[in-house]
Amino acid sequence: MSANAMSAGLRDLVRELLDGGGGEPLEGGRFLPLVTLESGARVGLDSAATWVVVAEGGGPAQAFAPDRGPIVFEVLESKRDDFDASIEAAARAAGLPPEEVAFSFPATHVVRAVLARGLPSMTRLALSWLRLTEVRALRADIVAVSRDPTMPVPIRDLAERLTVPE
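This write-up is about the structure you can find in this document. (Residues numbered from 1 in each chain as written. Predicted model: local features only at pLDDT ≥ 70, side-chain atom pairs only at ≥ 80, totals over all residues. Heavy atoms only, no water.)

1. Quick word on the environment of Phe83
Here is step 1 of the chain: As for its placement among the helices and strands, Phe83 is situated in helix α3 (residues 80-93).
Here is step 2 of the chain: Taking the relative accessible area as the measure of exposure, Phe83 reaches 2% and is therefore buried.
Here is step 3 of the chain: The spatial distance from the C-alpha of Phe83 to the C-alpha of Leu37 is 8.9 Å, given a sequence separation of 46 residues.
Here is step 4 of the chain: Once residues lying within four places of it in the same chain are set aside, the contact partners of Phe83 are Val35, Leu37, Val75, Ser78, Phe105 and Trp129. (Helix = DSSP H or I, 4+ residues; strand = E, 2+ residues; numbered from the N terminus. Buried < 20%, exposed > 50% of the residue type's maximum accessible area, 1.4 Å probe, protein only. Contact = heavy atoms within 4.5 Å.)

Okay, structure coming up:
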């Protein structure tokens with residue numbers, strides 16, 4: 001299975017868990033929180049096994065989308081090892097397969113959205129946040145960064161080092 005894809009089996013497990021009272025109640029259903037960001041916002045899965053974000057004060061879950069700038073940037077400001085470890089620990093505690101849940105997080109979509117914005121400091125964070133297994137999926141985006149004359153040389157060099165052959 002490719003990174004960022006969730007199997008039908010995992011979707012069924014998440015649905016069963018939440019329909020059976022697991023996770024926590026939330027406006028409009030149930031939610032399995034997996035990561036708490038610095039702002040207090042929580043990222044996790046809803047009963048459709050969709051990655052969602054819940055604001056610190058609660059309220060309805062919003063589908064996690066790479067175009068949600070502040071949350072996306074905050075995700076990247078988390079250390080990747082800590083972010084993944086939090087997902088894996090919460091998944092394990094809920095009886096879900098930890099690595100499969102972590103791999104289903106839309107990391108490549110998040111990084112692609114940040115790279116498209118062309119902000120040097122966030123581009124450096126995004127490139128540094130990638131796992132080697134995700135680099136090939138973002139090859140064209142990374143090559144574009146390596147050739148972008150508006151990017152500082154160290155960021156272009158980092159992108160160049162991450163460029164993998166097709």
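Let us keep going from here.
2. Focus on the nonpolar core
Here is step 1 of the chain: If you look at the biggest cluster of nonpolar residues, it comprises 46 residues, and the most contacted ones within it are Trp51, Phe64, Ile87, Val101, Phe105, Leu127 and Ile142.
Here is step 2 of the chain: Those residues in contact with Leu127, other than ones at most four positions away along the chain, are Leu115, Ile142, Val145, Ile155, Leu158, Ala159 and Leu162. (Core = buried A, V, L, I, M, F, W, Y, C linked by side-chain atoms within 4.5 Å.)

3. Overview of the pattern of salt bridges
Here is step 1 of the chain: Counted by the stated rule, this structure contains seven salt bridges.
Here is step 2 of the chain: Taking the shortest distance from any N to any O, the salt bridge between Glu24 and Arg42 comes out at 2.7 Å. One end of the pair, Glu24, is in strand β1 (residues 24-26); the other, Arg42, is in strand β3 (residues 42-46), and 18 residues separate them in sequence.
Here is step 3 of the chain: Relative accessible area serves as the criterion here: at 26%, Glu24 is assigned to the partly exposed category.
Here is step 4 of the chain: A salt bridge links Asp141 to Arg112; the shortest N-O distance between them is 3.1 Å. (Salt bridge = Lys/Arg side-chain N within 4 Å of Asp/Glu carboxyl O.)

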